[in-house]
Amino acid sequence: MIRWLVAAVCFCIAASPVLAADPIEIGIGYLARAGVKPKLSLVELPAENDGLAGARLAIEDNNTTGKFLNQHFTLEEVRLKDNEDVAKAAATLAERTGFIIADLPADDLLKAADALRGRGTLLLNAGAIDDRLREQDCRSNVIHVAPTRSMLADALAQYLVWKQWKRWLFVVGSHDQDKLYADALRRAATRFGAKIVQERIFEDTGGARRTDSGVTLIQRQMPVFTQQAPAYDVLVAADESEVFAAYLPYRTWDPRPVAGSAGLVATSWHAAQDQWGAIQMQNRFAKLNSRHMTALDMQAWTAARMIGEAASRTKSGDPKAVADFLKGPDFSIAAFKGRRLTLRDWNLQLRQPILLVDGRMVVSVSPQEGFLHQVSELDTLGVDRPETKCRLQ
Amino acid sequence: MWRHCLLSGMAVWLATATPAAAFVAYVSNEKSNTVTVIDTDSWTVTKTIKVGQRPRGIEFTRDSKFVFVAVGDDDSIQVIDVAKQEVVDTLPSGPDPELFALDADGKILYVANENDNTVTIIDVEKRTRLGEIQVGVEPEGMAISPDGKILINTSETTNMAHFIDTTTRQIVANVLVDARPRFAEFKRDNSEVWVSSEIGGTVSVIDPAKRAVTDKITFNIPGLRSEAIQPVGIGMTKDGKTAFVALGPANRVAVVDAASHKVTKYLLVGQRVWHMAFTPDEKYLMVTNGVSNDVSVIDVAAQKVIKTIQVGELPWGITIAQP
């Protein structure tokens with residue numbers, strides 16, 4: 001009897017289909033600072049999971065593909081509190097994941113990159129748009145998925161020049177990042193033949209972004225602020241700090257359109273983008289997260305998809321194999337932008353078309369027709385190879 | 001008198017009879033929510049039919065009496081009666097149907113549902129759903145092997161051609177191809193299946209027996225950046241000798257020697273060329289030009305564009321038959 005049972009059990013084991021080997025586990029970390037950035041417009045206040053939600057969708061997409069390739073992706077989020085040491089947090093996270101998607105300020109990103117140097121962990125910058133991270137401060141273990149300020153500025157300038165709005169009244173905020181965006185816009189104006197007819201500084205004198213009688217006051221302030229300007233076609237505002245630009249449309253002394261940090265804005269993504277199959281992406285995102293998809297969500301999605309893409313092509317979850325593939329000539333990624341996105345090999349910046357949006361609709365997509373380049377028209381946006389200060393090592 | 005009657009009767013009969021080779025082309029206009037009907041004798045638009053929202057994939061039934069058109073934003077497939085030239089029925093499908101394939105008997109329809117990573121199987125006569133197959137992210141291209149045993153589905157974000165056994169309805173192989181695979185086409189002798197990759201810019205040639213990519217067709221047009229070359233629709237002559245590949249925003253159709261896989265010619269057509277269909281006699285190939293809102297007619301033997309016909313906005317799919 002027992003012998004019979006044993007035989008039956010053995011038979012069952014032998015007859016059961018061969019179980020698939022355990023899938024290759026590919027862990028991706030998501031490192032960001034806690035807290036949300038202030039916005040003038042209530043509707044633009046980012047969700048707490050801004051960025052992370054995009055990475056989550058990409059993990060789902062990667063796993064749909066991964067089930068055919070026996071690969072499994074997971075995401076681990078780490079939120080840094082105020083003053084928490086980024087280098088330490090990055091090193092701890094890197095013990096568990098070979099890839100880290102970072103939404104960090106420039107200095108934090110550099111600290112994380114240097115802490116992970118020699119460890120083989122690949123950092124994907126999804127949040128910081130600072131040009132210096134791709135230029136004098138570039139690192140060989142950081143791939144930049146977020147566009148740069150200069151890419152955004154060039155995208156906007158190309159359109160304004162195409163539109164023949166070449167005379168700019170230029171208004172710059174008083175914070176450092178406003179000045180950085182202003183630098184990028186000035187460079188763009190020179191490159192593409194626009195003229196800054198006058199520059200004004202909007203001093204941030206402090207104060208609340210939300211008040212009970214705010215509109216009445218703003219309606220008096222903004223026309224006065226934009227009074228007595230030389231003849232101009234468009235007001236271009238550099239206000240990354242969200243202090244004043246959103247108050248300008250419809251309130252300028254002269255009836256002129258606004259662009260830059262309000263009005264027509266350059267961005268990597270927008271919830272209204274529905275071309276090139278993007279509607280599927282928007283639907284998937286909304287279904288998973290019950291909200292609209294932001295530029296940061298898209299940048300994090302793209303970062304996680306790049307890892308997934310490289311893992312499926314190399315059939316490996318090894319950070320070095322994945323990084324080598326991403327940096328190599330065969331890498332490209334489809335990201336609902338109407339053409340393939342590739343990496344600039346001199347500074348590991350992802351080439352990408354930039355959307356110009358008015359808050360509700362996609363107005364245009366740069367590079368604009370007619371801005372030519374010998375390698376890729378996408379390289380008319382941002383700092384090009386001959387101008388780069390990056391020495392990767 | 002009698003003779004006169006007979007002659008005039010003959011004249012009337014001759015005038016109204018349809019010439020033997022008259023075909024009709026049905027073109028789906030993605031933005032207009034219409035289907036344009038074109039007479040291929042006169043190359044004129046004879047009718048514009050209102051359909052549901054966002055019509056894309058379009059195909060004649062095997063008996064040529066009906067046309068199926070996937071209306072993605074209405075989550076269904078509509079049935080156009082060719083005699084009446086109007087929508088007469090609706091088939092159930094999953095969310096956002098885009099392209100579909102009809103089996104050899106015309107009884108079973110396989111639909112790619114872009115929104116939920118499935119292929120839906122529909123019984124055409126009973127108008128019921130038979131089942132679903134889970135595939136990769138954003139399923140799109142659909143093709144059935146000449147022997148009917150294998151269904152190919154391409155998934156745009158997963159970048160694979162899924163081989164599905166039509167009997168068991170299980171995936172039996174997944175072949176990785178270049179980015180954003182959009183369309184699949186078998187050679188009639190089942191020796192090859194071609195898959196176009198829109199963003200990758202290539203056509204992968206897959207051996208259906210080995211289920212592996214054996215060759216890749218690349219395109220090189222002087223003066224055009226490679227990013228603008230985005231292969232979508234594929235058409236192959238029945239003898240398997242010549243293939244045509246629509247190259248999207250490159251505004252060209254590539255003529256490919258289907259044996260050597262070498263491009264022999266590029267034909268300039270309208271803007272953002274999408275999909276294509278041969279007339280049943282294979283004398284002509286018609287291609288839809290999405291951005292220029294027209295259809296180009298290619299003389300297959302001469303390999304020349306001979307005509308452009310204005311249709312609705314954003315023409316997408318095309319199917320041709322003898323009604």
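As shown above, the structure is provided for reference.
What you see is a predicted model, and the numbers here were worked out from it, not measured in a lab. (Residues numbered from 1 in each chain as written. Chains lettered and ligands numbered in written order. Predicted model: local features only at pLDDT ≥ 70, side-chain atom pairs only at ≥ 80, totals over all residues.)

Enquirer: Now, about the sheet that holds strand E11 (residues 128–134) of chain B: what can you tell me, with residues and values included?
Expert: Residue and element names in this part refer to chain B. Read from one edge of the open sheet, four strands run E8-E9-E10-E11, paired in antiparallel fashion. The open sheet has two edge strands, strand E8 (97–102) and E11, and neither has a second partner. Sheet twist, expressed as the mean angle between neighbouring strand axes with direction ignored, is 25°. Sheet topology places E8 next to strand E9 (residues 108–113); four bridges connect them, and they run antiparallel. Its bridge partner lying in E9, Leu102 is registered against Leu109. (Pairing = 2+ DSSP bridges. Helix = DSSP H or I, 4+ residues; strand = E, 2+ residues; numbered from the N terminus. Axes fitted to C-alpha atoms, helices over the stretch in contact; angles between N-to-C directions.)

Enquirer: Run through the pairing of strand E18 (residues 202–207) of chain B, naming residues and quoting values.
Expert: Residues and elements named next belong to chain B. The element E18 is largely enclosed, with a buried count of five among its six residues. When strand E17 (residues 193–197) meets E18, the two strands line up antiparallel, connected through five bridges. For Val195, the partnering residue across the bridge sits in E18 and is Ser204. Following E17, the chain reverses through four residues before pairing antiparallel with E18; Gly201 in that reversal takes a positive phi of roughly 80°. In this sheet, strand E19 (residues 212–218) lies alongside E18 in antiparallel orientation, the contact comprising six bridges. Residue Thr202 lies in a different strand from E19, and its bridge partner there is Thr218. The hairpin formed by E18 and E19 contains four residues between the paired strands, and Arg211 there has a positive phi angle of roughly 55°. (Buried ≥ 20, exposed ≤ 12 C-beta atoms within 10 Å, placed from the backbone.)

Enquirer: Give a detailed account of the sheet that holds strand E2 (residues 34–39) of chain B, specifying residues and quantitative values.
Expert: Residue and element names in this part refer to chain B. Strand order across the open sheet formed by four strands is E3-E2-E1-E28, with antiparallel pairing between neighbours. The strands lining the two open edges of the sheet, one partner per strand, are strand E3 (44–50) and strand E28 (315–321). The average angle at which neighbouring strand axes cross in this sheet is 20°, direction not considered.

Enquirer: Tell me about the interface of chain A and chain B, residues and numbers included.
Expert: By convention, interface size is frequently given as the accessible area that disappears when the constituent parts associate. Between chain A and chain B, the residue contacts involve 15 residues of the former and 18 residues of the latter. When contributions to the side of chain A that touches chain B are tallied by element, the ones reaching two or more residues are helix H2 (52–69) and helix H8 (278–289) of chain A. Of all the elements, H2(A) adds the most residues to the side of chain A that touches chain B, at four residues. Residue classes in the side of chain A that touches chain B are distributed as three nonpolar, eight polar and four charged. (Contact = placed C-beta atoms within 7 Å. Nonpolar A, V, L, I, M, F, W, Y, C, P; charged D, E, K, R; others polar.)

Enquirer: I'd love a proper account of helix H10 (residues 319–327) of chain A, names of residues and values included.
Expert: For an α-helix the count is 3.6 residues per turn, leaving residues at separations of three or four pointing the same way. Residue and element names in this part refer to chain A. Along H10, the residues that are buried comprise Pro319, Val322, Ala323 and Leu326. One side of H10 carries all its buried residues, which in axial view fall inside an arc of 95°. Considering only its buried residues, H10 is in contact with strand E3 (99–103), strand E4 (122–125), strand E5 (142–144), helix H9 (295–314) and strand E11 (343–344). (Arc of directions from axis to C-beta.)

These figures capture arrangement, not role.
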